[in-house]
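# Architecture at a glance
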There are 2 protein chains.
Amino acid sequence: MRISELSERTGVPVATIKYYVREGLLPAGTRTGATQATYDDHHAERLRMIRVLREVGDVPVARIGAVVAAVDGVREGDRPLAEVLATAHHALGPEPGHPHGSSSSTARTEVFDHLRAKGWLIRQDAPALDLLAGALDALRALGEGTPPGPEIFDGYADTAAAIAEVELASVDPSSGASSVVEQVIIGTVIYERALVALRRLAQEHHSTRRFGPLRDDATT
Amino acid sequence: MRISELSERTGVPVATIKYYVREGLLPAGTRTGATQATYDDHHAERLRMIRVLREVGDVPVARIGAVVAAVDGVREGDRPLAEVLATAHHALGPEPGHPHGSSSSTARTEVFDHLRAKGWLIRQDAPALDLLAGALDALRALGEGTPPGPEIFDGYADTAAAIAEVELASVDPSSGASSVVEQVIIGTVIYERALVALRRLAQEHHSTRRFGPLRDDATT
């Protein structure tokens, strides 16, 4: 297809598609003339992933480059799928040095050891460990009483494991390795937003049940 | 206590405390002399909430003002607790106009109606509805096949409801209305980060179980 059709199918403007090609996020189309190139389904699939990362995940273009490089790594077939998935996942952030990524090394070691002891197969360099350790640091900074250990998150960990098991079970490995990675990354970003939103709404619901009622004019 | 002790107890620098007082986020201390003022536990509690909102929730100072105003609303006793909680919650964002807060009005109406039909007591102006509707829009933009409806999030909604029920059950209403609101807001922000981190780690774990193994050198 031409670039105009690719733009229409994916909802990404032509100028933005050209920018992604220049930045190396998207392979160039196949030249069909001096000023024309043709694009295929693979370009459309890749563009959809980039769009979700930008618009839903708020991931900076530079980090999208790292996700794309991981996806292309599996395409070249030189790395195991789980390894590529982890690398793509890690590229989602938080970036080293970002305030969300800062945590004490004590808390980081504790949460890693705790999850490994539960049997979780995770890498020590996972950026999500910084997010989790930062949450533990924040709870400890609230002071008062015995400082909590990583087991304070156990209820959330069990819930997260149940969610992730269902999510990974729905991934179809027969669709090809790079497609699997794209599916997982898209699912990670979109359903993360949905889960955060639903927890906030559910808190509103249960706080109204316990402490309510909301005023009628506000709920209708 | 003096401002220096308040700073030490909360981990917030003196200059930052003064800035929060100027911005109206924190009530001024009680004057005890021409250049001195004294602060109490209420100031410390408020500062801890502000710190969590800034450092963990990444909430801009202007929006923290709205959270604080909601908390002070309940202190003045003129509004029901659930109403104040909802207002404080909504102030967490996303801000109107923020890319994360943009969604189609069709999707927004659909997710609201769907959750209300499930019996959720939520307000139509909840910003989390924009987050959720944006996730639905993103799934639809992926195209291919029948466009999903809001029921695609039902599994996540049930999980979120179970989490929120436990969270709200642990809130102690006897500690006073403004303290309840501060507890809920702090819990919302810190455990949201923990849940997001744990889901990503659990995905890594289950993807390794399904598609693994990770290389040994990476997991130890």
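Everything here concerns the structure above.
Before going into details, it helps to say that this report is about the structure given with it.

## Comments concerning the interface of chain A and chain B
Counting residues at the interface gives 90 residues for chain A and 90 residues for chain B. Taken together, the two surfaces of chain A and chain B that pack against each other cover about 8,600 Å², and 66% of this comes from carbon and sulfur. Ionic pairing is found between Glu167(B) and Arg199(A), a salt bridge with its closest N-O pair at 2.9 Å. Our count for the contact surface shared by chain A and chain B stands at 32 residue pairs in polar contact (both at pLDDT 80 or more). Breaking the side of chain A that touches chain B down by element, the ones donating at least two residues are helix 3 (41-55), helix 5 (81-91), helix 6 (105-117), helix 7 (128-141), helix 8 (154-169), helix 9 (177-211) and helix 10 (216-219) of chain A. It is helix 9 of chain A that contributes the most residues to the side of chain A that touches chain B, 26 residues altogether. Within the side of chain A that touches chain B, the residues separate by chemical class into 51 nonpolar, 20 polar and 19 charged.

## Description of the packing of helix 3 (residues 41-55) of chain B against helix 9 (residues 177-211) of chain B
All names here are of chain B. Following both chains from N to C, one finds helix 3 and helix 9 inclined at 25°, their axes separated by 10 Å at the closest point. The orientation of helix 3 with respect to helix 9, classified from their angle, is roughly parallel. At the point where helix 3 passes helix 9, the crossing takes the left-handed sense. From helix 3, Glu 45, Arg 46, Met 49, Val 52, Leu 53 and Glu 55 reach across to helix 9, where they touch Ser 179, Glu 182, Ile 185, Ile 186, Val 189, Ile 190 and Arg 193. Along the lines of polarity and charge, the residues of the contact of helix 3 with helix 9 split into seven nonpolar, one polar and five charged.

## Side note on the relation of the copies chain A and chain B
Superposition of chain A onto chain B requires a rotation of 180° combined with a translation of 0.0 Å along the rotation axis, giving an RMSD of 0.0 Å. Each copy turns onto its partner about a two-fold axis. Here 100% of the interface residues in chain A have copies in chain B that are interface residues too; the copies meet face to matching face.

## Examining the environment of Ile163(B)
Along the chain, Ile163(B) falls in helix 8 (residues 154-169). Given the relative accessible area of 9%, Ile163(B) is considered buried. Sequence-distant contacts of Ile163(B), defined by excluding residues within four places in its chain, comprise Tyr156(A), Thr159(A), Arg199(A) and Leu195(B).

## Let's talk about empty space enclosed by the protein
Following the criterion strictly, the structure yields four cavities of 30 Å³ or more and no others. Estimates place the volume of the largest cavity at around 60 Å³. His89(A), His90(A), Gly93(A), Ala126(A), Pro127(A), Ala128(A), Arg200(B), Leu201(B) and Glu204(B) are the residues that line the largest cavity. Elements that contribute at least two residues to the lining of the largest cavity include exactly helix 5 of chain A together with helix 9 of chain B. The element contributing the most residues to the lining of the largest cavity is helix 9 of chain B, with three residues. The residue makeup of the lining of the largest cavity, split by class, is four nonpolar, three polar and two charged.

## Considering the environment of Ala164(B)
Looking at where Ala164(B) falls in the secondary structure, it is placed in helix 8. Residue class for Ala164(B) comes out buried when judged on its relative accessible area of 0%. Between the C-alpha atoms of Ala164(B) and Thr188(B), which are 24 residues apart in sequence, the distance is 9.4 Å. In this view, Ala164(B) contacts Arg199(A), Ala202(A), Gln203(A) and His206(A); residues no more than four positions away in its chain are not counted.

Rules of the game
Residues numbered from 1 in each chain as written. Chains lettered and ligands numbered in written order. Predicted model: local features only at pLDDT ≥ 70, side-chain atom pairs only at ≥ 80, totals over all residues. Heavy atoms only, no water. Contact = heavy atoms within 4.5 Å. Buried area = accessible area lost by both parts, 1.4 Å probe. Salt bridge = Lys/Arg side-chain N within 4 Å of Asp/Glu carboxyl O. Polar contact = N/O pair within 3.5 Å; in protein donor to acceptor, adjacent residues only side chain to side chain. Helix = DSSP H or I, 4+ residues; strand = E, 2+ residues; numbered from the N terminus. Nonpolar A, V, L, I, M, F, W, Y, C, P; charged D, E, K, R; others polar. Axes fitted to C-alpha atoms, helices over the stretch in contact; angles between N-to-C directions. Parallel < 35°, antiparallel > 145°, perpendicular 65-115°, else oblique. Left-handed = near helix turned anticlockwise from the far one by under 90°. Least-squares fit on C-alpha atoms with pLDDT ≥ 70 in both. Buried < 20%, exposed > 50% of the residue type's maximum accessible area, 1.4 Å probe, protein only. 1 Å grid on protein atoms, 1.4 Å probe; cavity = no way out; pocket = protein on both sides within 12 Å on 5 of 7 lines; lining within 4 Å. Points joined across faces, edges and corners; volume = space filled by probe spheres on them.

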